[in-house]
Structures are given as structure tokens and as C-alpha cells.
Amino acid sequence: MGKIYDLIVIGGGPGGIGTIVEAKVLGLENILLVEKTDNHSHTIRKFYKDKKRVDKDWQGQAIELEGNVEFVDGTKESTLDYFDKLLDDEKIDSRFNCEVLKVQKNGDIFDIYSNCGDYKAKNVVVSIGRMGKPNKPSYKIPASIRRQVNYNLDRCGNGEEIIVVGGGDSAVEYACELSSSNSVTLNYRKDTLTRPNPTNQDMIQNYASRGKVKLKLGLDIESVEAQHGKVKVNFSNGDMRLYDRAIYAIGGTTSKDFLKACGITLDDRGEPIFNSENYECEVKGLYIAGDIAFASGGSIAIALNHGYRIVSHILSK
Ligand SMILES: Cc1cc2nc3c(=O)[nH]c(=O)nc-3n(C[C@H](O)[C@H](O)[C@H](O)COP(=O)(O)OP(=O)(O)OC[C@H]3O[C@@H](n4cnc5c(N)ncnc54)[C@H](O)[C@@H]3O)c2cc1C
């Protein structure tokens, strides 16, 4: 018979790291972290710009940390360094480049099927985040401009005319960052930017008042087309404008098929059903942590607290 772990955590982002580190600190020995990319924290590596300020109270949510992970304000780099250190110091057993495909409970034990082998565990935490599937606009993006329509900063160059679409912290940070070497417009469908945290609110007001970022608020986009190799944006008031690039920073969703393949029951809106105190799903021993517990609005600190609550619940059983 193969080894049976006390706990397997699927996803090496803040939710997964918080859970596995709390498990080790609080005394669970047989534990494993499984991550589909070649390192932990894929969302932070891929979607945060270099040197990005990382706020503990993201989106204005003041969070009291409950567990043993002492996460503080910092940068992308300091946050990744801190997570490296936590995983190294606690000697966490991790499998990278290992994508979980399915979880099935047989009797009291879960079978975890992945592209790097099958595992068995008494408890499973699914913490796969939402940014594996960034939200896309409802209108069609023509194939000829798909390389100029992006969901992160990977393809951005300098000297471009860029429209950033979204009204949250990510959109504001992307717009201000890009404005140092590009001409940037921030577009949001509502009249005011209420979602960003106070620091980002001040930052965008400052950039807008100095003309570094142009604001196009209270205006929806109806469609985008290709024109002369550029992205032609058609606004709901009949205006149109050409941009070199459009960046959508409008959150993400989780694959419902994957959640179902893990045995997680979904409600009418397709969101996971779980206990809001301990994050256990309808199947005993199966938990969710981090962003997948929210339709929108998770944060690193919130994800870390999920880990603490989950491990405390496992140990109390
Ligand atoms: C641009 C941007 C800026 C942000 N800035 C901040 C900030 O300043 N402060 C803050 O607190 N929050 C910030 N956030 C939000 C924060 O990043 C998220 O709340 C946090 O990353 C959620 O952690 P998570 O573990 O739930 O998911 P994720 O961080 O998305 O991690 C999920 C992990 O699971 C892995 N995975 C997915 N599917 C599988 C599978 N089948 N098998 C194995 N592994 C899998 C992924 O590769 C990934 O590494 C920001 C988000 C964005 C997009």
C-alpha cells in the first residue's frame, strides 16, 4: 500500500503555503504540497509587476492575522523571499510541475490523481486560486489583435498607447506602473473608483491630476475591433479610439469542472459550498482555502488565515 499523508495541499499560492506551514508548525507530520507550475506562488510571479508594493490590507480589507505566519507589507520580491524562507525553514515536502487532475474519496481516504503520480491522504485542501482563468470581457476579441489584448503586463513594451480596463487595485497599479514609459488611459464602467485601497486611491488621484494617467470613468466598452494593426475600442457613448494595447484587470474565475472533479459541491452560482468557520466542504476532510472561497475579493492575509483555521479544525477532530 502507498504512503497515506495526513494532509495534501493542492496549489502553492498563499492559501496553500499558509495551510502547509501551519500544518507543520502545529504538528502534522505527513504532509505534502503539490503545485502545477515550476515554483510556488504562480499568481504573484505572473500577475504582479516587478517591485510591486504588496499591501497586507489589500482592497482596503484590514485583516488581523490569526496564525503563525507573520506576513507584513512589502514588495513582490520580499513576499516571494519570505515564502521561500517559510518553505525552506519548515522543510516542506513539495512537488512542483505537478498538476492535480482529480480527487476522489474512497472510504476515509482521498485518492489524488496528478500528472506526476497518484497520492493518498486523510485530508485534502484545494487552494488553486482564480487567476488560472483570468476574467475576459463578454464581447469577442478578434484573432488578429489577441496578442495586443492581455491580462497581465507580460507583453507590454515602451512608448505604447495603452488602455487598462478595470476598477480595482490591480487595474490602478497596472495603469500607474505603465505610465512611466507609456501613454495610459484607465477605463472603468462606473463613475468612481471605490474599490482600490486608500494608498492606491491617493496614487491614482495624484497620477490623474498630473496628467500621467487619463481617466475614462462611467463608460463601458461595447466591442473591440482590429484597425490598422491597432485595437479599436468602441465605447458605449458612441466614442471610439485606437490603442496599441488593451489590458484587462478584471479578476478571475476557477474552473468549475476542476472543483467538481475534486468532489466539491457547487451552489446555484457555481461557487463552492463550505463551512465559513473552518472551510470544510460537504465531503468531510475536504477543504478549500484562499481566493476560491470568494466570488471576488480575496487577499494574501485572508488566504493565510484560512490555512490556520483549516489546520486547527483538522487537529480538533
Ligand atoms: C495584480 C494583482 C495584485 C495583487 N496584489 C495584492 C496585494 O498587494 N496584497 C494582497 O494581499 N493580495 C493581492 N492580490 C491578491 C492575491 O494575489 C490573492 O488573493 C492570493 O494570491 C490568493 O492566494 P491563493 O493561494 O488562493 O491563490 P493563488 O495565489 O492564485 O495560487 C494558486 C496556486 O495554485 C496552483 N494551481 C492551480 N491549479 C492547480 C492544480 N490543478 N494542481 C496544482 N496546483 C494548481 C497555481 O499555479 C497557483 O500557484 C493581488 C492579485 C493580483 C491579480
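All values derive from a computational prediction rather than experimental measurement.

A.B. asks: When you look at the overall build of the protein in this model, what are you seeing that I'm missing?
C.D. replies: Looking only at helices and strands, the protein has seven helices and 19 strands in total. Relative to a compact globule of 317 residues, whose C-alpha radius of gyration would be 20 Å, the protein shows 21 Å and is just as compact. Buried positions account for 50% of the 317 residues belonging to the protein. Look at the contacts in the protein between residues 6 or more apart in sequence, and 64% of them connect residues 24 or more apart. If you sum the accessible surface of the protein, you get close to 14600 Å²; carbon and sulfur atoms cover 46% of it. Across the protein, 42 positive and 44 negative side-chain charges occur, with their mean positions spaced 5 Å apart.

A.B. asks: Before we go on, may I ask you to explain the site of the ligand in this structure?
C.D. replies: Around the ligand, the structure places 33 residues, and the nearest of them are Glu35, Thr43, Tyr48, Asp55 and Asp291. Between the ligand and Lys36, the relevant distance is 3.1 Å, taken from a nitrogen atom to a main-chain nitrogen or oxygen of the residue. For the ligand, an oxygen atom lies 2.8 Å from a polar atom in the side chain of Asp291. For the ligand, whose accessible area on its own is 1000 Å², the fraction buried by protein is 95%. Those elements that place two or more of their residues in the shell around the ligand are helix 1 (14-26), helix 2 (42-47), strand 3 (53-54) and helix 4 (169-178). Residues that form the shell around the ligand fall into these classes: 13 nonpolar, 13 polar and seven charged.

A.B. asks: I would appreciate a short explanation of the packing of aromatic side chains in the present structure.
C.D. replies: Given two aromatic rings, their pairing is described by the distance between the two centres and the angle made by the two planes. This structure, assessed with the given rule, holds five aromatic pairs. An aromatic cluster is built from Tyr139, Tyr151 and Tyr248, whose rings are joined through pairwise contacts. The aromatic ring of Tyr48 is capped on one face by Lys52, whose charged end is 5.0 Å from the ring centroid. Positioned above the aromatic ring of Phe235 is the side chain of Lys216, whose terminal nitrogen or guanidinium carbon lies 4.7 Å from the ring centre.

A.B. asks: Please clarify how empty space enclosed by the protein should be interpreted in this entry.
C.D. replies: In the structure shown here, the tally under the stated rule is one cavity of 30 Å³ or more. Taken as a whole, the largest cavity spans an internal volume of roughly 50 Å³. Together, Arg130, Thr254, Lys256, Leu259, Gly270, Glu271, Pro272 and Ile292 line the largest cavity. Its residues assigned to classes, the lining of the largest cavity comprises three nonpolar, two polar and three charged.

A.B. asks: Just to check I follow, could you spell out the nonpolar core for this structure?
C.D. replies: The tendency in soluble globular proteins is for nonpolar side chains to be buried side by side. Core analysis: the biggest nonpolar cluster contains 31 residues, and Leu7, Ile20 and Ile300 have the highest contact counts within it. Elements supplying a minimum of two residues to this core: strand 1 (4-10), helix 1, strand 2 (31-34), helix 3 (76-89) and helix 7 (300-316). A total of seven residues in this core trace back to one element, the largest contributor, which is helix 7. In this structure, Ile300 is in contact with Pro14, Ile44, Tyr48, Val54, Phe71, Thr79 and Phe83, ignoring residues within four places of it in sequence.

A.B. asks: Can you walk me through the domain arrangement of the protein in this structure?
C.D. replies: A common way to express how large an interface is: the accessible area buried when the components associate. Domain annotation of the protein identifies domain 1 (4-132 + 252-316) and domain 2 (136-248). Computed over C-alpha atoms only, the centres of domain 1 and domain 2 are separated by 31 Å. Tallying the contact residues gives 10 residues for domain 1 and 16 residues for domain 2. For the pair domain 1 and domain 2, the summed buried surface comes to about 1000 Å²; carbon and sulfur atoms form 42% of the total. Notably, a salt bridge pairs Lys46 with Asp154, separated by 3.6 Å at the nearest N-O pair. In terms of residue class, the side of domain 1 that touches domain 2 is made up of two nonpolar, two polar and six charged.

Definitions and cut-offs
- Residues numbered from 1 in each chain as written.
- Predicted model: local features only at pLDDT ≥ 70, side-chain atom pairs only at ≥ 80, totals over all residues.
- Heavy atoms only, no water.
- Helix = DSSP H or I, 4+ residues; strand = E, 2+ residues; numbered from the N terminus.
- Rg over C-alpha atoms; globule rule 2.2 N^0.38 Å.
- Buried < 20%, exposed > 50% of the residue type's maximum accessible area, 1.4 Å probe, protein only.
- Contact = heavy atoms within 4.5 Å.
- Areas by Shrake-Rupley, 256 points an atom, 1.4 Å probe, with all protein chains shown as cover.
- Lys, Arg positive; Asp, Glu negative; His and termini not counted.
- Charge placed at Lys NZ, Arg CZ, Asp CG, Glu CD.
- Near = heavy atom within 4 Å.
- Polar contact = N/O pair within 3.5 Å; in protein donor to acceptor, adjacent residues only side chain to side chain.
- Nonpolar A, V, L, I, M, F, W, Y, C, P; charged D, E, K, R; others polar.
- Phe/Tyr/Trp six-rings, centres within 6.5 Å; stacked < 30°, edge-to-face > 60°.
- Lys NZ or Arg CZ within 6 Å of the ring centre and 35° of its normal.
- 1 Å grid on protein atoms, 1.4 Å probe; cavity = no way out; pocket = protein on both sides within 12 Å on 5 of 7 lines; lining within 4 Å.
- Points joined across faces, edges and corners; volume = space filled by probe spheres on them.
- Core = buried A, V, L, I, M, F, W, Y, C linked by side-chain atoms within 4.5 Å.
- Domains from an automatic or database assignment.
- Buried area = accessible area lost by both parts, 1.4 Å probe.
- Salt bridge = Lys/Arg side-chain N within 4 Å of Asp/Glu carboxyl O.

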